[in-house]
Amino acid sequence: MARVTCRDHRQRVRGFGVDRKHDDIEQVLIPAEAIQQRLRELSAEIDRDYAGRKVLLVGVLKGAFIVMADMARYLTVPLEFDFMAVSSYGSATQTSGVVRILKDLDIDIAGRDVLVVEDIVDSGLTLNYLLRNLRARQPASLEIMTLLSKPDQARVEIPIRYHGFAVPNVFVVGYGLDYAENYRNLPYVGTLREEVYRS
Ligand code: 5GP
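As a starting point, this report considers the structure included with it. (Residues numbered from 1 in each chain as written. Predicted model: local features only at pLDDT ≥ 70, side-chain atom pairs only at ≥ 80, totals over all residues. Heavy atoms only, no water.)

What about the sheet that holds strand β2 (residues 55-61)?
Sheet architecture is open: 6 strands sit in the order β4-β3-β2-β5-β6-β7, paired in mixed fashion. Each end of this open sheet is capped by a strand with a single partner; those strands are β4 (101-103) and β7 (162-166). On average, each strand axis in the sheet is inclined to that of its neighbour by 30 degrees, with strand direction left out of account. One ladder, built from 2 bridges, connects strand β3 (residues 79-86) with β4; its direction is antiparallel. Note that in β4 the partner of A85 across the bridge is K103. Along the sheet face, helix α2 (residues 32-49) touches β5 (113-121), β6 (141-149) and β7 and points at about 160 degrees away from the line of β7. (Pairing = 2+ DSSP bridges. Helix = DSSP H or I, 4+ residues; strand = E, 2+ residues; numbered from the N terminus. Axes fitted to C-alpha atoms, helices over the stretch in contact; angles between N-to-C directions. Contact = heavy atoms within 4.5 Å.)

Pasting the structure below:
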């Protein structure tokens, strides 16, 4: 078994939650601590709104896995979890508008209080499709929480109940969001250097 030295440990502790900028990142738009603070606020709001009820959190893969995991640990209402995967950008940086369900829910949501957790709402086309699809399954309630949105890009109006941050119309990575499957594990949200797209 590998020996963990004090130095390794210190580096890990310092690395977590601190905005040590990855070399490929141009600018940190939302620092790690700001994200955690906002998630604590939103969780307190959700706890109040759903008091006495059990919430089914539905994460939209892959991007929402980080926000879902952090939120889940701030929330105190009883929770169950399920995930959906839908096709979105692939490795390009523009939405196609074509939505395909790659993985459906395991749980029947009829009569359930469902809270959909998203990483980012851009044009809104993905969520618009998902909402119509989920509404048809007759949940008791259906609300949306998203960490990020790009208000200037909205092509359809999405009723977002819990909202983290608005970002400008730039491609962002980190905190679940990828570029060609990289950078999802960064604890902050930022933009990529120009060279990264060209390489
Ligand atoms: P929409 O259908 O709202 O245009 O796009 C939603 C999906 O597009 C998101 O769930 C996400 O996967 C992807 N997306 C939109 N904007 C960005 C962005 O700035 N960065 C990354 N990494 N993905 C994005």
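Concerning the pattern of salt bridges
Going through the model one piece at a time under the given rule, you end up with 15 salt bridges. In this structure, the salt-bridge partner of E33 is R40, at a minimum N-O distance of 2.7 Å. For the salt bridge of D82 with K103, the shortest nitrogen-to-oxygen distance reads 3.9 Å. One end of the pair, D82, is in strand β3; the other, K103, is in strand β4, and 21 residues separate them in sequence. In this structure, a network of salt bridges that share partners links the residues K62, D178, E181 and R184. (Salt bridge = Lys/Arg side-chain N within 4 Å of Asp/Glu carboxyl O.)

A word on the site of the ligand
The full set close to the ligand counts 18 residues, and S123, T126, K150, V172 and D178 are the nearest of them. In this structure, D119 approaches the ligand through a side-chain N or O atom, which is 3.2 Å from an oxygen atom. Between the ligand and K150 there is a distance of 2.7 Å, counted from an oxygen atom to a side-chain nitrogen or oxygen. About the coverage of the ligand: the protein hides 94% of its 510 Å² of free accessible area. (Near = heavy atom within 4 Å. Polar contact = N/O pair within 3.5 Å; in protein donor to acceptor, adjacent residues only side chain to side chain. Areas by Shrake-Rupley, 256 points an atom, 1.4 Å probe, with all protein chains shown as cover.)

What to know about the packing of α2 against helix α3 (residues 65-74)
Viewed as axis vectors pointing N to C, α2 and α3 meet at an angle of 55 degrees, and their least axial separation amounts to 9 Å. If you check the angle between α2 and α3, you find them oblique. Regarding α2 and α3, the two cross each other, and that crossing is right-handed. From α2, Q36, L39, R40, S43, I46 and D47 reach across to α3, where they touch V67, D70, M71 and Y74. Considered class by class, the residues forming the contact of α2 with α3 number 5 nonpolar, 2 polar and 3 charged. (Parallel < 35°, antiparallel > 145°, perpendicular 65-115°, else oblique. Left-handed = near helix turned anticlockwise from the far one by under 90°. Nonpolar A, V, L, I, M, F, W, Y, C, P; charged D, E, K, R; others polar.)

A look at the side chain of D70
Mapped onto the secondary structure, D70 falls in helix α3. In this structure the side chain of D70 is engaged in a polar contact, spanning 2.9 Å, whose partner is the side chain of Q36. Ignoring anything within four residues of it in the chain, the contact list for D70 reads Q36, L39 and Y175.

As for the side chain of K150
Along the chain, K150 falls in the loop between β6 and β7. Judged by relative accessible area, which is 7%, K150 ranks as buried. At 3.0 Å, the side chain of K150 forms a polar contact with the backbone oxygen of V170. Beyond its immediate chain neighbours, meaning those up to four positions away, K150 contacts I120, V121, D122, V167, P168, N169, V170 and F171. (Buried < 20%, exposed > 50% of the residue type's maximum accessible area, 1.4 Å probe, protein only.)

Let's talk about α3
Among all positions in α3, only I66, V67, M68, D70, M71 and A72 are buried. On its buried face, α3 sits against α2, β2, β3, β5 and β6.

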